[in-house]
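Architecture at a glance
So you can see what is in the structure, the chains are spelled out below.
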Amino acid sequence: MGDDVAAILLTLATENVELREQLATAQDMLMETAVDAGQLHARIQDLQAECDAWRAEAGRLEARALRRA
């Protein structure tokens, strides 16, 4: 194997290792983002339920006030 071929193979192997490291980092970031998104989704659902409860309570209070008027 000539020196040129060996140098090319070494360069390719090095680049492959670097790309694999970048891929692993990107996968880790993607997993963290997915976890964060899941937590945000759950929080939004909780807030929506709370908002719905407040609206229902406001409706009950309004109906009671109209009956008394």
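This text gives an overview of the structure that appears in the document. (Residues numbered from 1 in each chain as written. Predicted model: local features only at pLDDT ≥ 70, side-chain atom pairs only at ≥ 80, totals over all residues. Heavy atoms only, no water.)

Take the overall build of the protein next. Within the protein, the secondary structure is distributed over one helix and zero strands. Computed over C-alpha atoms, the radius of gyration of the protein comes to 30 Å, more than 25% over the 11 Å expected from 2.2 N^0.38 for 69 residues, which places it beyond the range of a compact globule. Each principal axis of the C-alpha atoms in the protein carries an extent, and together these give about 100 × 10 × 10 Å. Within the protein, the fraction of its 69 residues that count as buried is 0%. Taken as a whole, the protein presents about 6,400 Å² of accessible surface, with 62% of it coming from carbon and sulfur. Averaging the coordinates of the 7 positive side-chain charges in the protein and doing the same for the 13 negative ones gives two points 31 Å apart. (Helix = DSSP H or I, 4+ residues; strand = E, 2+ residues; numbered from the N terminus. Rg over C-alpha atoms; globule rule 2.2 N^0.38 Å. Buried < 20%, exposed > 50% of the residue type's maximum accessible area, 1.4 Å probe, protein only. Areas by Shrake-Rupley, 256 points an atom, 1.4 Å probe, with all protein chains shown as cover. Lys, Arg positive; Asp, Glu negative; His and termini not counted. Charge placed at Lys NZ, Arg CZ, Asp CG, Glu CD.)

What follows covers the pattern of salt bridges. A complete count under the given rule lists two salt bridges for this structure. Here Arg55 makes a salt bridge to Asp52, at a shortest N to O gap of 4.0 Å. Of the two residues, Arg55 and Asp52 are both situated in helix H1 (residues 3-68); the distance of three residues between them amounts to about one turn of the helix. Arg55 gets classed as exposed once you look at its relative accessible area, which sits at 55%. Residue class for Asp52 comes out partly exposed when judged on its relative accessible area of 39%. Here Glu57 and Arg60 are joined by a salt bridge, their closest N and O atoms 2.8 Å apart. Taken as a pair, Glu57 and Arg60 lie in helix H1 at a separation of three residues, close to a single helical turn. Glu57 gets classed as partly exposed once you look at its relative accessible area, which sits at 31%. (Salt bridge = Lys/Arg side-chain N within 4 Å of Asp/Glu carboxyl O.)

Here the focus is a nonpolar patch on the surface. A surface patch of nonpolar side chains, amounting to about 360 Å² of accessible area, comprises Val5, Ile8, Leu9 and Leu12. Relative to the assigned elements, Leu9 resides in helix H1. Given a relative accessible area of 44%, Leu9 falls into the partly exposed group. (Patch = residues over 30% accessible without salt bridge, like charges linked within 9 Å, V, L, I, M, F, W, Y side chains within 5 Å.)

Here Gly59 shows up in helix H1. Put simply, Gly59 and Ala34 are 25 residues apart on the chain and 37 Å apart in space, counted from C-alpha to C-alpha.

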